[in-house]
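Breakdown of the fold
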Amino acid sequence: ELVKQGVAYLREADYERAQVVFSAAVKLAPSNSIVHILNGISYHLQYLNNSPDSKALAETAYGIASSLDKSDPLPLIQLGRLHMDAGDYQRASMEFVSAYALSPSDQDALSGLMQSSMLQKDFKTALWAGEKLTALDPTPEKQRVMVLMYAAAGRPDDANQQLAIYEKSNAKDPETIR
């Protein structure tokens, strides 16, 4: 019941009330990693809404969630996102790598690693993550991103090859190629 109420507050963008409700849920179920993640999300959203002190609290909540369920990549992904939002791309990358190690098919971990690596100009890691991500789910959007990433990394032959794959997969709808 508390979780439902907290989620409702999140949807209403009432992050402070959501955090109060999730904190109460944490007290009732301190070993439940999900309520710690939700509590972390409420702090994280407060941080994004000009409450800098909430960053450390979000970090703590995600960290507790991770320690409670060491097999769940979500708390690590959320930590990565928090560090991305704070502009700490190196720490973000470390969290995304840890999440990937737990779940090599987690697209959020790979996407986060690709983005944080690009922002550090670590093209080798970004391309590796992008290739893994595209192999898992070769959508036209991911193929287009790979074209741009190869071009940005100074690999025009790979960019052209990826562009040909992208064009072939979109041959039915030429408007999407533009």
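For the structure, check the block above.
The structure contained in this document is the topic of the report that follows. Note that the coordinates shown come from a computational prediction; the quantities given were computed from them, not determined experimentally.

Scanning the protein chain from N- to C-terminus turns up ten helices and zero strands. Seen through its C-alpha atoms, the protein chain measures out along the principal axes to roughly 55 × 30 × 30 Å. A total of 178 residues make up the protein chain; the buried ones form 42% of that total. For the protein chain, contacts bridging at least 24 residues in sequence account for 42% of all contacts bridging at least 6. About 9900 Å² of surface is accessible on the protein chain, with carbon and sulfur atoms providing 53% of the total. Within the protein chain, one finds 17 positive and 22 negative side-chain charges whose respective centroids are separated by 2 Å.

As a further point, take the packing of helix α6 (residues 89–102) against helix α7 (residues 107–119). Packed helices, taken two at a time, are described by the angle their axes make and the gap between the axes. Relative orientation of the contacting elements α6 and α7 amounts to 155°, with a least axis distance of 8 Å. The angle between the axes of α6 and α7 places the two elements in the roughly antiparallel class. Here the hand of the crossing between α6 and α7 comes out left-handed. Mapping the contact onto sequence places Tyr89, Ala92, Ser93, Phe96, Val97, Ala99 and Tyr100 in α6 and Asp108, Ala109, Leu110, Gly112, Leu113, Ser116, Ser117 and Leu119 in α7. Its residues assigned to classes, the contact of α6 with α7 comprises ten nonpolar, four polar and one charged.

The next thing to look at is the packing of aromatic side chains. Summed over the entire model, instances satisfying the criterion amount to one aromatic pair. The interplanar angle of 80° and the centroid separation of 5.2 Å between the aromatic rings of Tyr100 and Trp128 together place this pair among those described as edge-to-face. Here Tyr100 is found in helix α6, whereas its partner Trp128 is found in helix α8 (residues 123–136), with 28 residues between them in sequence.

With that out of the way, let us pick up the side chain of His83. Residue placement: His83 occurs in helix α5 (residues 74–85). Those residues within four positions of His83 in sequence are excluded, and the remaining contacts are Lys55, Glu59, Asp88, Arg91, Ala92 and Glu95.

A few words now on helix α3 (residues 33–48). For α3, built from 16 residues, the straight-helix expectation of 22 Å at 1.5 Å per residue is met to within 8% by its first-to-last C-alpha distance of 22 Å. With twelve of 16 residues buried, α3 lies mostly within the body of the structure. When we look at burial in α3, the residues that qualify are Ser33, Val35, His36, Ile37, Leu38, Asn39, Gly40, Ser42, Tyr43, His44, Gln46 and Tyr47. Elements that come into contact with the buried residues of α3 comprise α1 (2–11), α2 (15–28), α4 (54–68) and α5. The N-cap of α3, judged by a side-chain oxygen 2.8 Å from the amide nitrogen of Ile34 a few residues on, is Asn32. Phi for Asn50, located one or two positions after α3, is positive at around 65°.

Here α5 crosses α6 at 165°, and the two axes come no closer than 8 Å. Relative to α6, the element α5 lies roughly antiparallel. Crossing geometry of α5 relative to α6 is assigned as left-handed. In contact with Leu76, Ile77, Leu79, Gly80, Arg81, His83 and Met84 of α5, α6 contributes Tyr89, Arg91, Ala92, Glu95, Phe96, Ser98, Ala99 and Leu102. The residue inventory of the contact of α5 with α6, partitioned by class, reads nine nonpolar, three polar and three charged.

Time to look at helix α10 (residues 156–169). For α10, with 14 residues, the first-to-last C-alpha span of 20 Å sits near the 20 Å given by 1.5 Å per residue. Within the sequence span of α10, burial applies to Ala159, Gln162 and Tyr166. Considered in projection along α10, the buried side chains sweep an arc of 70° and stay on one side of the axis. Exposed positions of α10 whose direction lies more than 90 degrees from the buried face are Asp157, Asn160, Gln161 and Lys168.

Rules and cut-offs
Residues numbered from 1 in each chain as written. Predicted model: local features only at pLDDT ≥ 70, side-chain atom pairs only at ≥ 80, totals over all residues. Heavy atoms only, no water. Helix = DSSP H or I, 4+ residues; strand = E, 2+ residues; numbered from the N terminus. Buried < 20%, exposed > 50% of the residue type's maximum accessible area, 1.4 Å probe, protein only. Contact = heavy atoms within 4.5 Å. Areas by Shrake-Rupley, 256 points an atom, 1.4 Å probe, with all protein chains shown as cover. Lys, Arg positive; Asp, Glu negative; His and termini not counted. Charge placed at Lys NZ, Arg CZ, Asp CG, Glu CD. Axes fitted to C-alpha atoms, helices over the stretch in contact; angles between N-to-C directions. Parallel < 35°, antiparallel > 145°, perpendicular 65-115°, else oblique. Left-handed = near helix turned anticlockwise from the far one by under 90°. Nonpolar A, V, L, I, M, F, W, Y, C, P; charged D, E, K, R; others polar. Phe/Tyr/Trp six-rings, centres within 6.5 Å; stacked < 30°, edge-to-face > 60°. Expected span 1.5 Å × (residues − 1). Polar contact = N/O pair within 3.5 Å; in protein donor to acceptor, adjacent residues only side chain to side chain. Arc of directions from axis to C-beta.

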